Amino acid sequence: MKISIFLLSCLFSASSYACFSAPEGLYEQHEFQAKIYFSLAIALCVLSITLRLLSNYKKVWVPLLFVTTFTYWPAYIWHWGHAYSGSCGMPEIVLAFQILAGGMAFLLVYEAFNFYKVRRSNAT
């Protein structure tokens, strides 16, 4: 019995990982990446709201509603990632801001198509 417990713990210990002290500069690298993705998300959000204001300012609530509902998922990932993460640095916040930037890029593409459609219909 002792041998089987020893073998099982040896097999499964190779797949477990905990970082007690991060390598030099990893935390700063993740912090920089998070700032870049957050800045990109903010820029894309402002650009998509600007496109909506130029095309149909009465329906500016559409991108604002998307932003408020979409930011729930990155906040959820960031919040619950801190509780159960054993990885080095802060990759949860980098992932959360990557998802936020991806959502804002999707919103920008939607608003660009909408802007193009409104401009094209007003031209004729």
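Residues numbered from 1 in each chain as written. Predicted model: local features only at pLDDT ≥ 70, side-chain atom pairs only at ≥ 80, totals over all residues. Heavy atoms only, no water.

A. Broad picture of the packing of helix α2 (residues 26-55) against helix α5 (residues 91-123). Following both chains from N to C, one finds α2 and α5 inclined at 20°, their axes separated by 8 Å at the closest point. For the element pair α2 / α5, the angle class is roughly parallel. The interaxial crossing formed by α2 with α5 has left-handed handedness. Looking at the contact of α2 with α5 residue by residue, the classes come out as 24 nonpolar, 6 polar and 3 charged. (Axes fitted to C-alpha atoms, helices over the stretch in contact; angles between N-to-C directions. Helix = DSSP H or I, 4+ residues; strand = E, 2+ residues; numbered from the N terminus. Parallel < 35°, antiparallel > 145°, perpendicular 65-115°, else oblique. Left-handed = near helix turned anticlockwise from the far one by under 90°. Nonpolar A, V, L, I, M, F, W, Y, C, P; charged D, E, K, R; others polar.)

B. Inspection of the environment of P63 at higher detail. Along the polypeptide, P63 turns up in helix α3 (residues 61-70). In the structure, P63 is positioned 45 residues away from L108 in sequence and 9.1 Å away in space, judged by C-alpha atoms. Setting aside residues up to four positions removed in sequence, P63 forms contacts with I49, R52, L107 and E111. (Contact = heavy atoms within 4.5 Å.)

C. Quick peek at the nonpolar core. Within the largest apolar cluster, 17 residues are counted, with the highest numbers of intra-cluster contacts made by A34, I93, L100 and M104. Elements represented by at least two residues in this core include exactly α2, α3 and α5. Ranked by the residues each element gives to this core, the list is headed by α5, at 8 residues. (Core = buried A, V, L, I, M, F, W, Y, C linked by side-chain atoms within 4.5 Å. Buried < 20%, exposed > 50% of the residue type's maximum accessible area, 1.4 Å probe, protein only.)

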